[in-house]
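Structure assessment
Here is how the chains run, residue by residue.
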Amino acid sequence: MDVQGRARLYLRRHKLDTRAQTTGAIEVRRETRMILLCELSFSSSLPCRCSREGISKVIFIESLCDSAEIIEANIRETKLRSPDYEKMDPEAAVRDFRERIKHYEKAYETIDDDRLQYIKLLDVGKKVIMNNITGYLPGRVVFFLMNLHLSSRPIWLTRHGESQFNAVERIGGDPDLTQAGDNYAHLLAAWIAEQTREMGTAGNEVTVWTSTLKRAIRTAQYIPLPKLHLRGLDEIDAGVCDGLTYQEIAERMPEEFAARASDKLSYRYPRGESYEDIIQRLEPVMLELERTRHPILIVSHQAPLRCLYGYLMGLDQEECPFIPMPLHTVISITPKTYGCEVKSYKLL
């Protein structure tokens, strides 16, 4: 996925509503408005247009590339997959896109007005230039853009193996695996070994992250690779409902049960967390995920994996609590130029 696409996904995490406009306009809730421009064109009339539309604060993002090697690789590896060239001879498509570049060069105007807020990325982040960038959100956008790259690699998401609480339909806690869960841990280790052999990837090039909870750590125990245990990947904190079944919650706390059913995204368990809280604590994980250039396996839990899947796939936050995330299944997501390639592997 290109710089523009990844930036838009990250900004959704900050509750930004992306408008379907060629300028990539993004409206920020709470009355603060910004526009991120990630296209290869710039017009001096845009600030006036923003003013007319009542958009008071604008940040321009400009991506420039002078490296002939990067441009050629980008044309052949990404642009040829564009729907524009779907049925065209590859060499003819390359020639056509080079002509497009010449046309762009004639009309292109770089951003050089020091009164504007802008971020320039040169040669895919080899050099970054910032002008008048202040504030929390602009700073986070800069940090995010500095860690983007064009390397394609699979991201494997899986829940822990069946736990003792899963077997009796209880939520939360820190239970151990059942025998079925341990069997899945063995199968997962074998599957990872097979994938690395097929890709010709050295073991030290595969990253394994788990939550800090016992059932996730035990699920990855047979994988002979270094592991990182992250609290950000822990399951949603069910607060006073921890250890209960949903039936018990409905009987003992019917108001809480109804509140959760009416708004799963915003509902927060008493003394616990909501999905919005999980999205907040996953931000460092998402940023590190963007930096990673090698295959990565994430062994976590239903709620955080739903949020990560939604982020990678560009889904609205409201969809996250309803994304299917079955046990004993690996979901493989490989970011591509025009979206993500998704495969599902049921191991048990």
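Right above here is the structure, for reference.
Structure report, in brief.

Basis of the calculations
- Residues numbered from 1 in each chain as written.
- Predicted model: local features only at pLDDT ≥ 70, side-chain atom pairs only at ≥ 80, totals over all residues.
- Heavy atoms only, no water.
- Salt bridge = Lys/Arg side-chain N within 4 Å of Asp/Glu carboxyl O.
- Helix = DSSP H or I, 4+ residues; strand = E, 2+ residues; numbered from the N terminus.
- Buried < 20%, exposed > 50% of the residue type's maximum accessible area, 1.4 Å probe, protein only.
- Pairing = 2+ DSSP bridges.
- Axes fitted to C-alpha atoms, helices over the stretch in contact; angles between N-to-C directions.
- Contact = heavy atoms within 4.5 Å.

**Some remarks on the pattern of salt bridges**
The final tally for this structure, using the stated rule, is 11 salt bridges. The closest approach of N and O atoms between Asp-96 and Arg-100, which form a salt bridge, is 3.6 Å. With Asp-96 and Arg-100 both in helix α4 (residues 90-107), this residue pair falls 4 residues apart, about one helical turn. Relative accessible area serves as the criterion here: at 32%, Asp-96 is assigned to the partly exposed category. Of the residues examined, Arg-100 reaches a relative accessible area of 27% and is grouped as partly exposed.

**Remarks on the sheet that holds strand β10 (residues 296-300)**
For sheets, the rule is that strands pair by backbone hydrogen bonds, running either parallel or antiparallel. Strand order in this open sheet of 6 strands is β9-β8-β10-β7-β11-β12, and the pairing throughout is mixed. The sheet terminates laterally at β9 (227-229) and β12 (339-346), the two strands that pair on one side only. The average undirected angle you get between the axes of adjacent strands in this sheet is 20 degrees. Note: strand β8 (residues 207-210) against β10, 4 bridges, orientation parallel. The residue of β10 that forms the bridge with Thr-207 is Ile-296. Contacting β7 (155-159), β10, β11 (329-336) and β12, helix α7 (residues 179-199) runs over the sheet at an angle of about 175 degrees to β7. Relative to the sheet, helix α13 (residues 302-313) contacts β7, β10, β11 and β12, its axis offset from that of β7 by approximately 155 degrees.

**Section: unusual backbone geometry**
Backbone geometry at Asn-132 places phi at a positive 60 degrees, although glycine is not the residue there. Position of Asn-132 relative to the elements: it lies in the loop between β6 (127-131) and α5 (136-146). Of note, the phi angle at Arg-271 is positive, near 65 degrees, even though the residue is not glycine. Structurally, the position occupied by Arg-271 is in the loop between α10 (254-262) and α11 (275-281). The exposure class assigned to Arg-271 is exposed, which follows from its relative accessible area of 78%.

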